[in-house]
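Overview (structure and organization)
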Amino acid sequence: TGANTADTNQFANPIWRQGLYWVREMHNDEEKFNGAYSRCDSEWPSWRYPCGRQPSGEFKSYFGRGAKQLSWNYNYGAFSEAMFGDPTVLLNDPAQVADTWLNFASAIWFYIYPQPPKPSMLHVIDGTWQPNAADAERGIGHGFGTTINIINGAFECGKGSTTNQARNRIAYYKLFSEHLGLVIDPSEELDCANQGTFSNDGAGALKFYWDKDWGWNADNPGGHTFACQVVGYQFAYNALTPGDYEQCVNYFFGPIRVIENLGDQPEPSPSPTPTEGVPSPSVPPTSTPLPSPTPEPVCPGAPKAWSESFSWSDYQIGDLRSHQGKVYRLVNHIAFGAHEPGTALGNQGWEFVEELECDTPIEPTPSPSVTPSPEPTNPVPSPSVTAEPTPGPSTTPSTTPSTTPSTTPSTTPSTTPSTSPTPDTPVQPPRTGSGSWWFLLLLVGLPMLRRK
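Values in this document were obtained by computation on a predicted structure and should not be read as measured data.

Right, let's get into the overall build of the protein. Counting its secondary structure elements, the protein contains eleven helices and six strands. Sorting the 452 residues of the protein into buried and exposed places 35% on the buried side. Considering only contacts within the protein whose residues lie at least 6 apart along the sequence, 61% involve residues at least 24 apart. Carbon together with sulfur atoms contributes 54% to the accessible area of the protein, which is approximately 26700 Å² in total.

Here is the structure:
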């Protein structure tokens, strides 16, 4: 990043002290759209950290910028997420890394941030990282050479001889140490010429990324685990980022529903305790209809509506869907199609296209009403019985799932007189006419209300 001018500059400084000069990689500029250092159309970085586009439609370039020459779209995206909570800020405007305070911030971030299986340079220097047997097999140990391997090992290390780039780094390291009065230990390995790459078995493979749990569970459909596991290599989902676990499971296994607290789920009602001499009441099952969905507007010629009933075959990149009077285009990985357009997660995959001018929404089809059974005309009176309080009867659960437990008694009265007592209340013989119908409903309803 220094000017590297052979002749002395206006401050008469030698090359190693010429300081930051190249805030952009040499031979690159913002007008040169070469797509350098970009994984924009393959592998997971292309959809986890989607490349921005130029007005011409070409991808942005992620060449080296800033004091540490931050490169590659997956580094720009991760750094942007750390700074702004949004990877697209710098993916869409990478020039900020060269032209703003992010210049030095990007260097500090890269210095302290581990990228498994590579450790951070900070952890190598302060001793947090301790090489294990797998590292030793690859010739990786403590020393300046390991920091070169972290920065640019693919180009500067493992060549069998010292590359020119590594030679310059070593020379500057020695000159800075001398200037600051520091003594370099003669045993320190300064070069990385004989170092291999970092492996998933090495000490730097910290497990803080999510990937698919490839195990087998015989109790699940298809034997799938329907889970993700922490891994020691870089992937799309970070265990330190809230919500990434759910996105990982959603990506591999389809749409999911998050239950924050299992304790909030409805518990089945206890079975009634029979009371000697009191016949069991006859209670018809309660039918709980599913809540009617919010109708989509009727828009002639509009794309079909987005649905949470996600299937892998439903979506492709570029698909259009209508939702709540708007049209969206899927511009990211198809897994994001499962997220509702217009929401924080959905906006990572769905791009707003236009508003729709729609007709009156389709009204949901009403659920069929339950017709009460005919009431007995002359029921046989039962003797008055005084009973001890007993738990209310449990209704037969509906076979139709419902997100809200029903506490409304059935509107279908039983033709058999109910003898289920309320606490401390004698059971009276049923009456004929409309009054007995409401009395039966009251007897069925009160125990249920007590359980609420």
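We now examine the confidence of the model for the protein. Overall, the predicted model of the protein reaches an average pLDDT of 74, with 63% of residues at or above 70. Here residues 280-297 is modelled with pLDDT under 50, and outside its nearest four sequence neighbours on either side it reaches 39 contacts, counting other chains as well. When the criterion is pLDDT under 50, residues 360-452 qualifies, and its contacts beyond four places in sequence or with other chains add up to 107 contacts.

For the rest of this paragraph, the subject is the environment of Q130. Mapping Q130 onto the fold places it in the loop between α6 (121-126) and α7 (133-137). On the accessibility criterion, Q130 (47% relative accessible area) is partly exposed. Note: C-alpha distance between Q130 and A203 (73 residues apart in sequence) is 6.6 Å. Separated by 3.5 Å, the side chains of Q130 and H142 make a polar contact.

Turning our eyes to something else, we now look at the packing of aromatic side chains. Under the criterion given, the structure shown has 20 aromatic pairs. On the numbers, 6.2 Å between centres and 70° between planes, the contact of W214 with F252 is edge-to-face. Linking W214 in the loop between β1 (209-212) and β2 (228-231) with F252 in helix α10 (residues 244-253), this pair joins segments that are 38 residues apart in sequence. Among the residues examined, W214 registers a relative accessible area of 58% and is labelled exposed. Aromatic ring contacts, followed pair by pair, group W44, W47, Y49, W214, F235, Y237, Y251 and F252 into a single cluster.

Looking now at the packing of helix α2 (residues 73-84) against helix α5 (residues 102-112). The geometry of α2 relative to α5 is characterised by a closest axis approach of 11 Å and an angle of 105° between their N-to-C directions. For the element pair α2 / α5, the angle class is roughly perpendicular. Across the interface between the two elements, N75, A78, F79, A82, M83 and F84 of α2 pack against L102, A105, S106, W109 and F110 of α5. Grouping the amino acids of the contact of α2 with α5 by side-chain chemistry returns nine nonpolar, two polar and no charged.

A separate point is a nonpolar patch on the surface. Together, M83, F84 and W101 line one region of the surface with nonpolar side chains, adding up to about 330 Å² of accessible area. Among the structural elements, W101 can be located in the loop between α4 (96-99) and α5.

Let us now look at the pattern of salt bridges. Tallying each qualifying case throughout the model produces seven salt bridges. Here R24 and D99 are joined by a salt bridge, their closest N and O atoms 2.7 Å apart. In this pair, R24 sits in the segment before α1 (45-48) while D99 sits in helix α4, placing the two residues 75 residues apart along the sequence. Given the relative accessible area of 17%, R24 is considered buried.

Among the nonpolar cores identified, the biggest contains 34 residues, and L70, F79, Y237 and F252 are the most heavily contacted of them. Secondary structure elements with two or more residues in this core: α2, α3 (88-92), α5, α6 and α10. With five residues, the single largest contributor to this core is α10.

The subject of this paragraph is α5. All of the buried residues along α5 are L102, N103, A105, S106, A107, W109 and F110. Buried residues belonging to α5 abut α2, α3, α4, α6 and α8 (144-156).

Turning next to the sheet that holds strand β4 (residues 320-323). The antiparallel open sheet is built from three strands, whose spatial order is β4-β5-β6. On the outer flanks of this sheet lie β4 and β6 (350-355), each paired with one strand and no other. Averaged over neighbouring strand pairs, the angle between their axes works out to 35° when direction is ignored. The pairing of β4 with strand β5 (residues 326-330) spans four bridges and is antiparallel. Residue pairing in the sheet places L320 in a bridge with R329 of β5.

Bringing the packing of α8 against helix α9 (residues 164-179) into the picture now. For any two helices packed against each other, one specifies the crossing angle of their axes together with the interaxial distance. Interhelical geometry of α8 versus α9 gives an angle of 155° and a closest axis separation of 10 Å. Classified by the angle between their axes, α8 and α9 sit roughly antiparallel to one another. Pair α8 / α9 crosses with right-handed handedness. Residues F144, I148, I151, N152 and E156 of α8 pack against Q165, A166, R169, I170 and Y173 of α9. Split into classes, the residues belonging to the contact of α8 with α9 amount to six nonpolar, two polar and two charged.

Criteria and cut-off values
- Residues numbered from 1 in each chain as written.
- Predicted model: local features only at pLDDT ≥ 70, side-chain atom pairs only at ≥ 80, totals over all residues.
- Heavy atoms only, no water.
- Helix = DSSP H or I, 4+ residues; strand = E, 2+ residues; numbered from the N terminus.
- Buried < 20%, exposed > 50% of the residue type's maximum accessible area, 1.4 Å probe, protein only.
- Contact = heavy atoms within 4.5 Å.
- Areas by Shrake-Rupley, 256 points an atom, 1.4 Å probe, with all protein chains shown as cover.
- pLDDT = per-residue confidence, 0-100.
- Polar contact = N/O pair within 3.5 Å; in protein donor to acceptor, adjacent residues only side chain to side chain.
- Phe/Tyr/Trp six-rings, centres within 6.5 Å; stacked < 30°, edge-to-face > 60°.
- Axes fitted to C-alpha atoms, helices over the stretch in contact; angles between N-to-C directions.
- Parallel < 35°, antiparallel > 145°, perpendicular 65-115°, else oblique.
- Nonpolar A, V, L, I, M, F, W, Y, C, P; charged D, E, K, R; others polar.
- Patch = residues over 30% accessible without salt bridge, like charges linked within 9 Å, V, L, I, M, F, W, Y side chains within 5 Å.
- Salt bridge = Lys/Arg side-chain N within 4 Å of Asp/Glu carboxyl O.
- Core = buried A, V, L, I, M, F, W, Y, C linked by side-chain atoms within 4.5 Å.
- Pairing = 2+ DSSP bridges.
- Left-handed = near helix turned anticlockwise from the far one by under 90°.

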